[in-house]
Amino acid sequence: MNIELLLYIVLFSQIMFLSYYYPRRMLIRIYTIFKNYPPNEFPKLYPESIDKYKKSAKRYQVMNHLIMVLGFSLILWFYVTPRTGKWDQVIVFWYFMIQFIPNLGIELWSMKYHKAMRLLNQDAQKEAVLQPRRLTDFISREFLAIAFVIYVIFVGYVAYLDQFDYPWFGGYLNVLIISGTYLFFGFIIYRAMYGKVKNPHQSYEDRKIDIQTLIRQLFSIAIAVTIYAMVQISLRAFGIEAYKAITISLYFHVIGFLSMQWPRLDFINFDVYKDKPALTK
Amino acid sequence: MKIQIDNNLSTPLFKQLMDQIKKAVIDGLLKPGDSLPSIRQLANDLDLNHNTVAKAYQILERDSVIQTKGYRGTSIHGDAKQNSTVDMNDSITTKLSETIKSLRESGATDSEIRIAFSNVMKNQ
């Protein structure tokens, strides 16, 4: 298949997946919560007015629609403009960054949401489990071993290529960047496991599920990013850089898929967001 | 095993923590060798100051209810059950009462006892 055509297909898929399917799934999840767990029954779930949250959801939807249109325009521009293909990878990368903006907004919104929840929380009683949390409580040793082995293979691969003195090859800078990513993920995991409680009403079991989901996502992304780095290095080494834009787009598909592994709503204990029954005399 | 802290109670928070850990040991919910969460984890989970949890752990360690072994973290002491039944406050009160009674019997006034107690405490 023609590389150019393959790029259009993969980019189209990236647009549909990350700016249509992913936000749609997210919005379905949000609106299901609004519908099944309304403010009158679950007041603690809404530290602010539900209308405000509905507006935010609408904004998220509109932003994704606009980004989708931008993506289709990009394909059209690719089609009508004669290009060398040299900058395709950079364009696909920056388009993904734009696709990521609404989700970054959701993250910031989530931080503000939990802060409002904590400020309104008047429960004098606090509960904790007298059990230390360890990484292996949330992820299997095999999964940890796979991540470690892939990292070692990556370092070995960089060391192997380093002897050939490729002009473009960043050498051990590649190892430094990937190691930095691992360290950053490690910091996020540490904060999730031992940091302050974000949601003061959440049950301990649900919090454990949240931590587990995050850890599994980050480990999967760490493995994906390492494999992706090896693929990118290989493409340059074998002189088939024309596939770089396609592989980066496929990589973003994987990142999107991994980020979409949310805990099931019917497994979450929403009763904690109900008001406690008033004491009767 | 869950632990609960109530900010509205007049009992100090570190005491609430200590009492519940001791009770769990006495009730057999925590057994010798069982691991306890780190100070940071427990303080963040209960939204307490780290020093509050550290103080509770320090006193429990002094009373040999828990033990800290470097990187292995904190766990329940082998003699925890026996040591949990001893209340240091009760023991101090009993010993002091006996001493004060004996001093009074030997003719010392309350004022003299207070001054002497204060001087001894200052010199310690």
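Residues numbered from 1 in each chain as written. Chains lettered and ligands numbered in written order. Predicted model: local features only at pLDDT ≥ 70, side-chain atom pairs only at ≥ 80, totals over all residues.

Caption draft 1: Seen up close, the overall build of chain A. Counting its secondary structure elements, chain A contains 7 helices and 1 strand. Projected onto its principal axes, the C-alpha coordinates of chain A cover approximately 80 × 45 × 25 Å. Taken across its 281 residues, chain A has 14% of its residues classed as buried. Restricting to contacts in chain A with at least 6 residues of sequence separation, those with at least 24 account for 88%. (Helix = DSSP H or I, 4+ residues; strand = E, 2+ residues; numbered from the N terminus. Buried ≥ 20, exposed ≤ 12 C-beta atoms within 10 Å, placed from the backbone. Contact = placed C-beta atoms within 7 Å.)

Caption draft 2: Structural view of the overall build of chain B. If you tally the helices and strands in chain B, you get 6 helices and 4 strands. Each helix and strand of chain B, ordered N terminal to C terminal, gives the series β-α-β-α-α-β-β-α-α-α. Taking 124 residues into account, the globule formula puts the C-alpha radius of gyration at 14 Å, and chain B, at 18 Å, lies well above it. Projected onto the principal axes, the alpha-carbon positions of chain B cover approximately 55 × 30 × 30 Å. Out of the 124 residues belonging to chain B, those deemed buried represent 26%. Sequence-distant contacts in chain B: of pairs separated by 6 or more residues, those separated by 24 or more amount to 50%. (Rg over C-alpha atoms; globule rule 2.2 N^0.38 Å.)

Caption draft 3: Expanded view of the nonpolar core. Membership of the largest hydrophobic core comes to 24 residues, with the highest contact counts inside it found for Leu17, Ile21, Val25, Val53, Ala56 and Leu60 of chain B. Contributions of two or more residues to this core are made by α1 (13–26), α2 (39–45) and α3 (50–62) of chain B. Counting residues per element, this core draws most heavily on α1 of chain B, which supplies 6 residues. Counting 10 residues, the second largest nonpolar core, distinct from the first, contains Leu7, Leu18, Tyr95 and Tyr251 of chain A. (Core = buried A, V, L, I, M, F, W, Y, C linked by C-beta atoms within 7 Å.)

Caption draft 4: Looking closely at the domain arrangement of chain B. Partitioning chain B into structural domains gives domain 1 (13–84) and domain 2 (88–123). Once you take the C-alpha centre of each, domain 1 of chain B and domain 2 of chain B turn out to be 32 Å apart. (Domains from an automatic or database assignment.)

Caption draft 5: Spatial organisation of the sheet that holds strand β3 (residues 66–68) of chain B. Residue and element names in this part refer to chain B. Taken in spatial order, the 3 strands line up as β2-β4-β3 in an open sheet, and their pairing is antiparallel. The sheet is open, and its two edges are formed by β2 (35–36) and β3, each paired on a single side. The pairing of β3 with strand β4 (residues 74–76) spans 3 bridges and is antiparallel. By the bridge assignment, threonine 68 is partnered in β4 with threonine 74. (Pairing = 2+ DSSP bridges.)

Caption draft 6: Looking closely at helix α6 (residues 110–123) of chain B. For α6 of chain B, which comprises 14 residues, the first-to-last C-alpha distance of 20 Å matches the rise-based estimate of 20 Å (1.5 Å per residue) to within 8%. With 0 of 14 residues buried, α6 of chain B is to be regarded as a mostly surface element. (Expected span 1.5 Å × (residues − 1).)

Caption draft 7: Broad picture of the interface of chain A and chain B. On the chain B side, the residues contacting the 14 residues of chain A number 22 residues. At 5 residues, the largest contribution of residues to the side of chain A that touches chain B is made by strand β1 (residues 125–129) of chain A. Alignment of β1 of chain A against strand β1 (residues 2–6) of chain B, held across 5 bridges, turns out to be antiparallel. Residue glutamate 127 of chain A lies in a different strand from β1 of chain B, and its bridge partner there is glutamine 4 of chain B.

Caption draft 8: Up close: the environment of leucine 135 of chain A. With respect to the helices, strands and loops of the structure, leucine 135 of chain A is situated in the loop between β1 and α4 (141–162). For leucine 135 of chain A and tyrosine 190 of chain A, which are 55 residues apart along the polypeptide, the C-alpha to C-alpha distance reads 9.0 Å.

Caption draft 9: Representation of the packing of helix α6 (residues 204–237) of chain A against helix α7 (residues 244–259) of chain A within the structure. Residues and elements named next belong to chain A. Across the interface, α6 lies against α7 with an axial gap of 10 Å and an inter-helix angle of 175°. Here α6 is positioned roughly antiparallel relative to α7, judged by the angle of their axes. Here Gln217, Ser220, Ile221, Ala224, Tyr228, Val231, Gln232 and Leu235 of α6 lie close against α7, whose contacting residues are Lys244, Thr247, Tyr251, Val254, Ile255, Leu258 and Ser259. (Axes fitted to C-alpha atoms, helices over the stretch in contact; angles between N-to-C directions. Parallel < 35°, antiparallel > 145°, perpendicular 65-115°, else oblique.)

Caption draft 10: A look at the environment of serine 35 of chain B. Inspection of the secondary structure assignment puts serine 35 of chain B in strand β2. By C-beta crowding, serine 35 of chain B is classed as partly exposed, having 15 other C-beta atoms within 10 Å. On a C-alpha basis, the gap between serine 35 of chain B and serine 75 of chain B in space is 4.2 Å, while along the polypeptide they are 40 residues apart. Residue contacts for serine 35 of chain B: discarding those within four places in its chain leaves Pro132 of chain A together with Gly73 and Ser75 of chain B.

Caption draft 11: Main features of the confidence of the model for chain B. Mean pLDDT for chain B: 91, with 100% of residues reaching 70 or above. If you check the scores for this complex, the pTM reads 0.83 and the ipTM reads 0.79. (pLDDT = per-residue confidence, 0-100.)

Caption draft 12: A look at the domain arrangement of chain A. All names here are of chain A. Examined at the domain level, chain A breaks down into domain 1 (1–121) and domain 2 (134–273). Put simply, the middle of domain 1 and the middle of domain 2, counted by C-alpha atoms, are 21 Å apart. Elements represented by at least two residues in the side of domain 1 that touches domain 2 include exactly α1 (3–36) and α3 (88–120). Of the residues contributing to the side of domain 1 that touches domain 2, the split by class is 16 nonpolar, 7 polar and 5 charged. (Nonpolar A, V, L, I, M, F, W, Y, C, P; charged D, E, K, R; others polar.)

Caption draft 13: Highlighting unusual backbone geometry. We note that aspartate 47 of chain B has phi near 55°; this positive angle belongs to a residue other than glycine. By secondary structure assignment, the location of aspartate 47 of chain B is in the loop between α2 and α3.

Caption draft 14: Here's a closer look at the packing of α1 of chain A against helix α2 (residues 50–80) of chain A. Residues and elements named next belong to chain A. Here α1 crosses α2 at 170°, and the two axes come no closer than 10 Å. One way to sum up the angle between α1 and α2 is to call them roughly antiparallel. Here Tyr8, Leu11, Phe12, Ile15, Ser19, Tyr20, Pro23, Leu27, Ile30 and Phe34 of α1 lie close against α2, whose contacting residues are Ile50, Ala57, Tyr60, Gln61, Asn64, Ile67, Met68, Gly71, Phe72, Ile75 and Phe78. In terms of residue class, the contact of α1 with α2 is made up of 17 nonpolar, 4 polar and no charged.

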